[in-house]
Amino acid sequence: SSGPMHSMALCNDGSLVTWAKNDDGQLGNGTTLASTVPVTVVRTGVLAGRTPIAIAAGYSHSLALCSDGSVASWGLNSSGQLGSGSTTSSSVPILVDRTGDLANKTVASIDAGTYHNLALCSDGTLVAWGSNDSGRLGNNSTINSPVPVLVDRTGVLSGKVIASISAGGLHSLALCTDGTLAAWGRNANGQLRNNTTTNSSVPVLVDRTGAL
């Protein structure tokens, strides 16, 4: 997975390596020193005994989904993008909070945007956390959240089963099993594709006339 400032790789033995810029600890090796070669992410803390199965690189932070359904994060935390309940950055992995909307949930997939993240759970629950500028968390708010919050499912996502997710720089997408696509967040350049350029803090349907 590659972010604008750093890259990550997950190895088949479960080890994680990162490289490039490290001003905010996004390499996860306990330092803030940049590296032009891969370095190993610290596994002696919250990742001890856990097996990473997926990774996602944000602008200056990193995520790792583990086989037990937990999510670890590290790097810049200015907007709460580490999901730990604080805005304190970390150069080593810490766990995303699971006492609120992720309580008793098993995360199945993750994606990282510039300063926000998405997580899809095995029961279909969709959560987001971090920066909420332009409503990119999809919870009918524009207030940042340092812990996962539920994406609004009362509108166009009501009754739908989400198959996959993607976090853009300032917006988010969800693909449903019926082939529909929902989007929310920044829309200044029409990235929500709902025939407007108005931001949306709740999911709206991507227009499927024309090329779709």
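Computed from a prediction, not measured in an experiment: that's the story for all the values here.

Participant: I would appreciate a short explanation of the overall build of the protein in the present structure.
Facilitator: Looking only at helices and strands, the protein has zero helices and 15 strands in total. Against the 2.2 N^0.38 benchmark of 17 Å for 212 residues, the protein shows a C-alpha radius of gyration of 17 Å, consistent with a compact globule. Principal-axis analysis of the C-alpha atoms gives the protein an extent of 50 × 35 × 30 Å. With 212 residues in all, the protein has 47% of them scored as buried. Intrachain contacts of the protein at a sequence separation of at least 6 include 43% that bridge at least 24 residues. In the structure as shown, the protein presents an accessible area of about 8800 Å², 51% of it carried by carbon and sulfur atoms. Positive and negative charge centroids in the protein, built from 11 and 12 side chains respectively, lie 4 Å apart.

Participant: Would you mind going over the nonpolar core with me for this structure?
Facilitator: Generally speaking, nonpolar side chains in soluble globular proteins are found buried as a group. Ranked by size, the top nonpolar core spans 15 residues in total, and within it Leu-118, Leu-126, Ile-162, Ile-165 and Trp-184 carry the most contacts. In terms of residue count, the dominant contributor to this core is strand S12 (residues 162–167) (three residues). In terms of nonpolar packing, the next biggest core, distinct from the first, is built from 13 residues, Ala-56, Leu-65, Val-71 and Ala-119 among them.

Participant: Explanation requested: the sheet that holds strand S5 (residues 61–66) in the structure shown.
Facilitator: Note: strands within a sheet are paired through backbone hydrogen bonds, in either parallel or antiparallel orientation. Pairing is antiparallel across the open sheet formed by four strands, whose spatial order is S4-S5-S6-S7. Sheet topology places strand S4 (52–57) and strand S7 (90–95) at the edges, where each strand pairs with a single neighbour. Looking at each pair of strands side by side, their axes are set apart by 20° on average, direction ignored. Bridging between strand S6 (residues 71–75) and S7 involves three bridges; their strand directions are antiparallel. Residue Ser-73 lies in a different strand from S7, and its bridge partner there is Ile-94.

Participant: Explain the pairing of strand S9 (residues 116–121) to me, please; I cannot follow it from the model alone.
Facilitator: Side-chain direction in a regular strand flips from residue to residue, so the side chains alternate between the two faces of the sheet. Of all the six residues making up S9, six are buried; the element is thus mostly covered by neighbouring parts of the structure. Residue alternation in S9 divides its side chains into two sets, His-116, Leu-118 and Leu-120 and Asn-117, Ala-119 and Cys-121, and both sets are buried. One ladder, built from five bridges, connects strand S8 (residues 107–112) with S9; its direction is antiparallel. Residue pairing in the sheet places Ile-110 in a bridge with Ala-119 of S9. Once S8 ends, the chain turns through three residues before running back antiparallel as S9. In this structure, the hairpin formed by S9 and strand S10 (residues 126–130) is closed by a connection of four residues, where Gly-124 is found at a positive phi of approximately 95°.

Participant: Could you clarify how one ought to interpret the pattern of salt bridges in this entry?
Facilitator: Counting across every chain of the model gives six salt bridges. Residues Asp-23 and Lys-21 are paired through a salt bridge, measuring 3.6 Å at the closest nitrogen-oxygen approach. The class of Lys-21 is partly exposed, set by a relative accessible area of 35%. Across the pair Arg-193 and Asp-207 runs a salt bridge whose closest N-O atoms are separated by 3.2 Å. Pair noted here: Arg-193 is in the loop between strand S14 (181–185) and strand S15 (200–205) and Asp-207 is in the segment after S15, with a separation of 14 residues, a long-range link. For Asp-207, a relative accessible area of 17% translates into the label buried.

Conventions and cut-offs
Just so you know, the residues in each chain are numbered from 1, in the order the chain's sequence is written. Per-residue local features of the predicted model are confined to residues with pLDDT of at least 70, and side-chain atom pairs are confined, for both listing and counting, to 80 or more; whole-chain, interface and lining totals are unaffected and use all residues. The side-chain values count all of the structure's non-hydrogen atoms but skip hydrogen atoms and water molecules. The way it works is that DSSP assigns letters per residue, a run of H or I at least four long becomes a helix, a run of E at least two long becomes a strand, and they are numbered from the N terminus. Taken over C-alpha atoms, the radius of gyration is set against a globule rule of 2.2 Å times the number of residues to the power 0.38. For every residue, the accessible area obtained with a 1.4 Å probe (protein chains only) is divided by the maximum for its type, and the residue is called buried under 20%, exposed over 50%, and partly exposed between those limits. In what follows, a contact means two residues having at least one pair of non-hydrogen atoms within 4.5 Å. Computed with the Shrake-Rupley method and a 1.4 Å probe, the accessible areas treat only the protein chains shown as cover for residues. Counted as positive: Lys and Arg. Counted as negative: Asp and Glu, with His and the chain ends omitted from the count. In this description, the location of a charge corresponds to atom NZ of lysine, CZ of arginine, CG of aspartate or CD of glutamate. Among the buried residues, those of types Ala, Val, Leu, Ile, Met, Phe, Trp, Tyr and Cys that are joined through side-chain atoms within 4.5 Å form a nonpolar core. Between any two strands, at least two bridges found by DSSP are needed for them to pair. Helix axes are fitted only over the stretch in contact, all axes being lines through C-alpha atoms; the angle between N-to-C directions runs from 0 to 180 degrees. Each salt bridge in this description consists of a side-chain nitrogen of Lys or Arg and a carboxyl oxygen of Asp or Glu lying within 4 Å of one another.

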